[in-house]
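# Examining the three-dimensional arrangement
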Amino acid sequence: QLQLVESGGGLVQPGGSLRLSCAASGFTLADYAITWFRQAPGKEREGVACITRSGSKDLADSVKGRFTVSRDNANTTVNLQMNNLKPEDTAVYSCAARSFCHVIYRDGRSYPSDVGMDYWGKGTLVTVSS
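## Details of the environment of Pro 112
Here Pro 112 shows up in strand S11 (residues 109-112). The buried category is assigned to Pro 112, whose relative accessible area is 4%. Between the C-alpha atoms of Pro 112 and Phe 37, which are 75 residues apart in sequence, the distance is 8.3 Å. Discounting chain neighbours no more than four positions away, the residues touching Pro 112 are Thr 35, Phe 37, Gly 47, Val 48, Ala 49, Cys 50, Asp 58, Ala 60, His 102 and Val 103.

## Looking at the sheet that holds strand S1 (residues 3-7)
The strands making up a sheet are joined through hydrogen bonds of the backbone, oriented either antiparallel or parallel. On the basis of which strands lie adjacent, the open sheet formed by four strands has the order S1-S3-S8-S7 and antiparallel pairing. Only two strands of the sheet have a single partner each, and these edge strands are S1 and strand S7 (67-71). The mean inter-strand angle of the sheet, taken between neighbouring strand axes irrespective of direction, is 15°. Sheet topology places strand S3 (residues 18-25) next to strand S8 (residues 77-82); six bridges connect them, and they run antiparallel. Each bridged residue has a counterpart across the sheet, and for Leu 18 the counterpart in S8 is Met 82.

## Some details on the layout of surface pockets
Of the volumes computed, that of the largest pocket is approximately 210 Å³. Looking at the lining of the largest pocket residue by residue, the class counts come to two nonpolar, three polar and eight charged.

Quick notes on the rules
Residues numbered from 1 in each chain as written. Predicted model: local features only at pLDDT ≥ 70, side-chain atom pairs only at ≥ 80, totals over all residues. Heavy atoms only, no water. Helix = DSSP H or I, 4+ residues; strand = E, 2+ residues; numbered from the N terminus. Buried < 20%, exposed > 50% of the residue type's maximum accessible area, 1.4 Å probe, protein only. Contact = heavy atoms within 4.5 Å. Pairing = 2+ DSSP bridges. Axes fitted to C-alpha atoms, helices over the stretch in contact; angles between N-to-C directions. 1 Å grid on protein atoms, 1.4 Å probe; cavity = no way out; pocket = protein on both sides within 12 Å on 5 of 7 lines; lining within 4 Å. Points joined across faces, edges and corners; volume = space filled by probe spheres on them. Nonpolar A, V, L, I, M, F, W, Y, C, P; charged D, E, K, R; others polar.

Note that every value here comes from positions in space, so none of it alone points to a role or purpose.
Have a look at this one:
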């Protein structure tokens, strides 16, 4: 079965940057759209960014202008580049695989959806604090 593993989390000060990576084993990552999610303590999981098999991108309104998602040249890794991090970005970040990116609209804002995911990674913790 498809296995996803996240890496790159850690502690960073406000205004700093981190790059998270999502890698697959056993199957071809290029065959799937990859979505990044995050879940803070006591809050619901929310979609952050999605990249399609062809490289099209969808980002949540809350992170546009600060985060971006990309595939490496070999299509073996999907990265989430996080810039200008804020304390409210603190969460466990997970990647998930699906055949397509899907965006939902709620409370006047857009988010990548978590519906119909084939597999989830275990997540990596990002802590933004002084």
